[in-house]
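Next come the chains, spelled out residue by residue.
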Amino acid sequence: MRLYELSFSEIEDFFYKLAELKDVLRDRDLLTYLPQREIPEVAHGTARVKHAFPIFQKGGVIMDVTSVEQASIAENAGATSVMVLDKLPYDVRKSGGVARMADPKVIEDVMSSITIPVMAKVRIGHYYEAKVLEALGVDTIDESEVLTPADDEHHINKWEFQVPFVNGARSLEEALRRITEGSSMIRTKGEPGTGNVSEAVKHMKIMNSELNMIARMNEEDRVKKAREFQVPYELVELTAKLGRLPVVNFAAGGIATPADAALMMWLGADGIFVGSGIFKSQDPDIRARSIVIATAGWEYPEVVLEAQKMINEQKSMMGIDVKTLKPEELMQVRDT
Amino acid sequence: MKIGILAYQGSFEEHALQTRRALDVMGLDGEIVPVKQKKDLDVDGIIIPGGESTTIGIVASKMGLLDELKAKANEGLPVLGTCAGAIMLGKEVSDAKVGKKSQPLLGIMDISVMRNYYGRQRESFEANVDLSELDGGMQRVVFIRAPAILKVWGNAQSLSKFQGTYVIVKEGSLLATTFHPELSSTTKVHEYFISMVRK
């Protein structure tokens, strides 16, 4: 359990004061602190409400599912959310072609069958897939490199939406850019659908060392860094002061066992996404439960050991060595 | 004074910071510790944070903590439950959409709680709630996929209402809120809980 220098409410004050955001938010009635405006009694979809949602996922496991049956297994295992996809990342990799958002009917069926939040993925830059999912009422939208990007140049302007977004990042630079675009939650990209945790480890360690680096820098170097990152200087300053990302930061990409999950928590992740690791294994029920236990009790090796004993390594997904993938097969490089 | 935070899942770090600040405001010394195992339950008061009540219940029961915590709370250990924490405390719990569903809970407070009362995240909101019973005036707080306390009975008493439902309820040494004081700019709820622990 970590104690930070700034509280959630102070971080939010910062976001509300960031000049770039003000204009958009004011136009959309999402700014509620401005004195010249009458404060609405009840306000939906504000930055504060969107940034708050992922806080309640911390310490939890978000599981990729493709059907109502899988969603129910995830809920019973103790998942904090499910992520609905058309195909699991492993199958996306195998099948090739264009990967798009899941069938809204399937998402709707999942939403009406379980009590935990339901997330779904859209293609990078696909504003309209996101609008469709917002209209459907999903709890969070993942603008994901697992699907085929719809826009090679731009990401979705996420400030315009009332639902929170989660985005992937390989470095502090990518994470801060996504936060500047309005993302409410970051996850490492890892290399999805491989059952190989090595890339997620790499991305989390890059992020941690960059956080250390900006914390030690003097002001003029931070100004330079902000320019290099293409993000507001104030955001770099806030991040340096906090010593962590100012939004919730999960690990994702290749996590397949309880020990993988505990490793990512130990590296400082706030929680875990498991993609193909559960439903591409031969023991999804018990594996889902074991990863939940290991994520919540990661500080205790004996708890992780017990979780690890629940599963059978023979039944883990076979996995792919990332080094055998051709450069064009990597999903993590699809956006920056 | 030692305040424990049930630290498996949810807003436990936010509660820890808010508790630390409340202690500072009150000029009190105190220790704030994460609670995850039975042996951690040696505390003077415990906070059950917001999160997913299904996850918190499943993990707490798997770690063998749920029964122990229930016994201690029944013996008078002060408990603050926010959002999912309020669900954990309630004797009657149902879900707005799928009705009754069995999940491991403490079930010790005379309140009826409906999960996901307002709907999904799209319906989550911020609003002003009345903390005057806690000496806090009107405060801006967030309700995230919040439950609602629809009924209180026995010794449970309402300390604040919002749009016809109870948002703060106290019963003896138990305190429940459906919103998130740990994400607000006021420490009044935590100060109130700390003074309950001091008694």
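Conventions adopted
Residues numbered from 1 in each chain as written. Chains lettered and ligands numbered in written order. Predicted model: local features only at pLDDT ≥ 70, side-chain atom pairs only at ≥ 80, totals over all residues. Heavy atoms only, no water. UniProt positions renumbered as here; feature names shortened; annotations may be inferred. Helix = DSSP H or I, 4+ residues; strand = E, 2+ residues; numbered from the N terminus. Buried < 20%, exposed > 50% of the residue type's maximum accessible area, 1.4 Å probe, protein only. Salt bridge = Lys/Arg side-chain N within 4 Å of Asp/Glu carboxyl O. Axes fitted to C-alpha atoms, helices over the stretch in contact; angles between N-to-C directions. Parallel < 35°, antiparallel > 145°, perpendicular 65-115°, else oblique. Contact = heavy atoms within 4.5 Å. Nonpolar A, V, L, I, M, F, W, Y, C, P; charged D, E, K, R; others polar. Pairing = 2+ DSSP bridges. 1 Å grid on protein atoms, 1.4 Å probe; cavity = no way out; pocket = protein on both sides within 12 Å on 5 of 7 lines; lining within 4 Å. Polar contact = N/O pair within 3.5 Å; in protein donor to acceptor, adjacent residues only side chain to side chain.

- If you look chain B up in an unreviewed UniProt entry, it shows as Pyridoxal 5'-phosphate synthase subunit PdxT from Candidatus Acidianus copahuensis.
- One UniProt comment on chain B, placed under Function (unreviewed entry), says "Catalyzes the hydrolysis of glutamine to glutamate and ammonia as part of the biosynthesis of pyridoxal 5'-phosphate. The resulting ammonia molecule is channeled to the active site of PdxS."

- Looking at an unreviewed UniProt entry, one finds chain A named Pyridoxal 5'-phosphate synthase subunit PdxS and attributed to Candidatus Acidianus copahuensis.
- In its Catalytic activity (unreviewed entry) section, the UniProt entry covering chain A states "aldehydo-D-ribose 5-phosphate + D-glyceraldehyde 3-phosphate + L-glutamine = pyridoxal 5'-phosphate + L-glutamate + phosphate + 3 H2O + H(+)".
- The Subunit (unreviewed entry) field of the UniProt record for chain A holds the comment "In the presence of PdxT, forms a dodecamer of heterodimers."

Some thoughts on unusual backbone geometry
Next, step 1: Although it is not a glycine, glutamine 230 of chain A sits at a positive phi angle of roughly 60 degrees.
Next, step 2: One non-glycine residue with positive phi stands out, namely cysteine 83 of chain B, at about 55 degrees.
Next, step 3: With respect to the element layout, cysteine 83 of chain B can be found in the loop between strand S4 (79-82) and helix H4 (84-89).
Next, step 4: Residue class for cysteine 83 of chain B comes out buried when judged on its relative accessible area of 5%.

Digging into the pattern of salt bridges
Next, step 1: Summed over the entire model, instances satisfying the criterion amount to 42 salt bridges over all chains.
Next, step 2: Across the pair lysine 105 of chain A and aspartate 103 of chain A runs a salt bridge, and its minimum N-O distance is 3.6 Å.
Next, step 3: With relative accessibility at 56%, the residue lysine 105 of chain A sits in the exposed group.
Next, step 4: Across the pair lysine 2 of chain B and aspartate 42 of chain B runs a salt bridge, and its minimum N-O distance is 3.7 Å. A residue pair is termed long-range when its members are at least 10 positions apart, and lysine 2 of chain B in strand S1 (residues 2-6) and aspartate 42 of chain B in the loop between strand S2 (31-35) and strand S3 (45-48) qualify at 40 residues.
Next, step 5: Ionic contacts of the salt-bridge type, sharing partners, join the residues Glu143, Lys158, Arg170, Glu174, Arg178, Glu181, Lys189 and Asp335 of chain A into one network.

Points about the packing of helix H8 (residues 172-180) of chain A against helix H9 (residues 198-216) of chain A
Residues and elements named next belong to chain A.
Next, step 1: It is at 9 Å that the axes of H8 and H9 come closest, and there the two elements cross at 80 degrees. Regarding the angle of H8 to H9, the classification is roughly perpendicular. Residues Leu172, Glu173 and Ala175 of H8 form the contact with H9, whose own contacting residues are Met207, Glu210, Leu211 and Ile214.
Next, step 2: Along the lines of polarity and charge, the residues of the contact of H8 with H9 split into five nonpolar, no polar and two charged.

Points about the pairing of strand S10 (residues 157-162) of chain B
Residues and elements named next belong to chain B.
Next, step 1: Relative to strand S11 (residues 165-171), S10 is paired through five bridges, and the arrangement is antiparallel. Along S11, the bridge assignment pairs glutamine 157 with lysine 170.
Next, step 2: Remark: two residues form the turn of the hairpin made by S10 and S11, two consecutive strands paired antiparallel; glutamine 163 in that turn has positive phi of roughly 45 degrees.

A closer look at the UniProt feature "active site" (unreviewed entry) in chain B
Residue and element names in this part refer to chain B.
Next, step 1: Under the present numbering, the feature "active site" (unreviewed entry) in UniProt falls on Cys83, His180 and Glu182. The greatest C-alpha distance among the annotated residues, which extend across 100 residues, is 10.8 Å, indicating that they converge on a single site. Lining the largest cavity, from the set of annotated residues above, are Glu182.
Next, step 2: Sequence-distant contacts of cysteine 83, defined by excluding residues within four places in its chain, comprise Gly50, Ile144, Ala146, Pro147, Thr177, Thr178, Phe179 and His180.
Next, step 3: The residue histidine 180 is located in the loop between strand S12 (174-177) and helix H5 (188-198) in this model.

Overview of the UniProt feature "binding site: L-glutamine" (unreviewed entry) in chain B
Next, step 1: When the UniProt feature table is mapped to this numbering, "binding site: L-glutamine" (unreviewed entry) covers Gly51, Glu52, Ser53, Arg115, Ile144 and Arg145 of chain B. With the annotated positions falling across 95 residues, the maximum pairwise C-alpha distance of 13.1 Å places them together in a single cluster.
Next, step 2: If near-sequence neighbours (up to four positions away) are discounted, isoleucine 144 of chain B is found in contact with Val49, Ala52, Phe53 and Phe56 of chain A together with Cys83, Gln121, Ser124 and His180 of chain B.
Next, step 3: Looking at the secondary structure, you find arginine 145 of chain B in the loop between strand S8 (138-143) and strand S9 (148-152).
Next, step 4: We classify arginine 145 of chain B as buried; its relative accessible area is 8%.
Next, step 5: Excluding residues within four positions of it along the chain, arginine 145 of chain B makes contact with Phe53, Thr115, Ile116, Pro117 and Asp139 of chain A together with Glu52, Asn116, Gly119, Arg120, Gln121 and Ser124 of chain B.
Next, step 6: A polar contact is formed between the side chain of arginine 145 of chain B and the backbone oxygen of threonine 115 of chain A, at a distance of 2.8 Å.

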